[in-house]
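Results of the structural survey
Listed below are the residues making up each chain.
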Amino acid sequence: MDTKEIISCIAEKDSVDESLDRNGNFDGFLFTGSADPDAGFNFGYLMYVPSELRDRPVLIVEGPSVSEVGPMDRACEIVSDKAVFELSGSGFPHHLARKMQSPIIMPFFPRPEDKENNTNIFTHALTSRAMAVRDSSIERIDLQLIAMFQDIKRRFSCAGIKLYDKFIVKGFSSGGEFAHRFTLLHPQYVLAAIGGGNMHSFTLPLKTYGGEILIWPNGMGNTDSYCSFDFACYKAVKQLFYMGDMDFNDAVPYDDSYTEEERQQVYRLFGKTAMPDRWDKYQELVRALGLDNITCKTNAGLDHRPGNEIREYITAFLSDILAEV
């Protein structure tokens with residue numbers, strides 16, 4: 001089958017559009033995968049499939065990250081618009097997927113407002129409040145992503161393509177937080193994780209530290225209801241985290257990201273100053289724990305944004321990993 005026939009099989013009944021690169025040249029296909037609550041995921045996703053696929057493609061998941069919130073319907077529109085922006089021909093995720101010759105998705109997980117508590121449910125950051133939601137379409141979006149992945153594998157299989165049985169999860173800001181925390185919760189599904197602009201609000205792969213139980217999202221001390229944490233499996237996942245040395249966009253002071261109890265634990269154990277103190281502390285702990293699977297990069301002169309240098313590094317980082325798949 002040619003690429004067009006393959007994408008028709010993968011998309012099934014979902015509509016397909018041709019994708020153009022930055023110069024207006026055809027370079028693959030975009031389609032919106034439908035939600036399938038019966039299969040375990042309540043929201044759809046946007047997928048870009050490059051015109052050329054590697055022999056064993058690896059799905060890339062771009063963690064959603066939006067600053068605007070709203071009622072559920074509007075929240076879904078916001079993240080859908082963000083997905084179009086990131087996965088279109090001018091976006092770096094699109095460029096990366098084409099380089100890796102692998103499909104990429106951004107799930108339409110919304111970040112809805114919570115008027116009752118004058119805040120929002122910060123699903124993208126997998127906060128404790130987001131993880132505690134029950135009886136709602138946004139319940140356990142981490143598990144919904146796993147179900148989505150299984151369904152995407154099925155779609156590709158129907159087209160005669162066997163996707164790799166783990167995926168890459170990446171993102172920036174709260175999308176980086178999603179990549180970081182999802183990998184802690186479910187390392188068995190992750191080939192590689194990349195996060196930027198989020199690591200002064202890190203989560204440790206420990207249940208205790210400094211004589212305290214590390215509560216989520218500071219650590220794994222109270223996560224038995226979320227997952228069975230597997231440190232050895234986590235240590236096998238290649239991970240890249242990066243920060244600009246002028247990035248002071250700290251999530252810890254905000255109530256949509258941390259409860260007061262969680263916030264005070266961060267301040268006691270890791271300090272109140274986000275950059276450079278907590279970022280330096282994270283790197284120190286990575287070394288002390290022997291986590292040689294984690295690479296940390298600091299970008300001089302950058303604030304809360306990725307730069308061309310780190311994009312080139314990400315591309316090389318993933319190229320090395322995929323060369324062994």
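Please read these numbers as outputs of a predicted model, since none were measured by experiment. (Residues numbered from 1 in each chain as written. Predicted model: local features only at pLDDT ≥ 70, side-chain atom pairs only at ≥ 80, totals over all residues. Heavy atoms only, no water.)

**Structural notes on the packing of helix α8 (residues 260–270) against helix α9 (residues 274–288)**
In contact at an axis separation of 11 Å, α8 and α9 are set at 70° when each is read in the N-to-C sense. By the angle class used here, α8 and α9 are roughly perpendicular. α9 is crossed by α8, and the crossing has left-handed handedness. Along the contact surface, α8 presents Val 266, Tyr 267, Leu 269 and Phe 270, while α9 presents Arg 278, Lys 281 and Leu 285. (Axes fitted to C-alpha atoms, helices over the stretch in contact; angles between N-to-C directions. Helix = DSSP H or I, 4+ residues; strand = E, 2+ residues; numbered from the N terminus. Parallel < 35°, antiparallel > 145°, perpendicular 65-115°, else oblique. Left-handed = near helix turned anticlockwise from the far one by under 90°. Contact = heavy atoms within 4.5 Å.)

**Thoughts on the packing of aromatic side chains**
Applying the stated criterion across every chain yields a total of 15 aromatic pairs. Between Phe 43 and Phe 109 the ring centres are 6.2 Å apart and the planes differ by 90°, which places this aromatic pair in the edge-to-face class. Within this pair, whereas Phe 43 is found in the loop between β2 (26–33) and β3 (45–50), its partner Phe 109 is found in the loop between β5 (104–107) and β6 (113–114), the two being separated by 66 residues in sequence. The buried category is assigned to Phe 43, whose relative accessible area is 7%. On the basis of relative accessible area, Phe 109 is assigned to the buried category, the value being 0%. Taken together through their ring pairs, the aromatic side chains of Phe 202, Tyr 209, Phe 241, Phe 270, Trp 279 and Tyr 282 make up a single cluster. Geometry around Phe 122 places Arg 111 over its ring, the cationic atom sitting 3.5 Å from the centre. (Phe/Tyr/Trp six-rings, centres within 6.5 Å; stacked < 30°, edge-to-face > 60°. Buried < 20%, exposed > 50% of the residue type's maximum accessible area, 1.4 Å probe, protein only. Lys NZ or Arg CZ within 6 Å of the ring centre and 35° of its normal.)

**Focus: the pairing of β5**
Both faces of β5 are covered, namely the face carrying Ile 104 and Met 106 and the face carrying Ile 105 and Pro 107. Here β3 pairs with β5 via four bridges, running antiparallel. Opposite Leu 46, over in β5, you have Met 106 as the bridge partner. As judged from the two bridges shared by strand β4 (residues 60–62) and β5, these two strands associate in the parallel manner. (Pairing = 2+ DSSP bridges.)

**Quick word on the pattern of salt bridges**
Scanning all chains against the criterion turns up 22 salt bridges. With its nearest N and O atoms 2.5 Å apart, the salt bridge here joins Arg 129 to Asp 114. With Arg 129 in helix α4 (residues 128–132) and Asp 114 in strand β6, this pair connects stretches of sequence that are 15 residues apart. For Arg 129, a relative accessible area of 24% gives the class partly exposed. A relative accessible area of 12% places Asp 114 in the buried class. Two residues, Asp 151 and Arg 154, come together in a salt bridge whose shortest N-O distance is 3.1 Å. With Asp 151 and Arg 154 both in helix α5 (residues 141–158), this residue pair falls three residues apart, about one helical turn. (Salt bridge = Lys/Arg side-chain N within 4 Å of Asp/Glu carboxyl O.)

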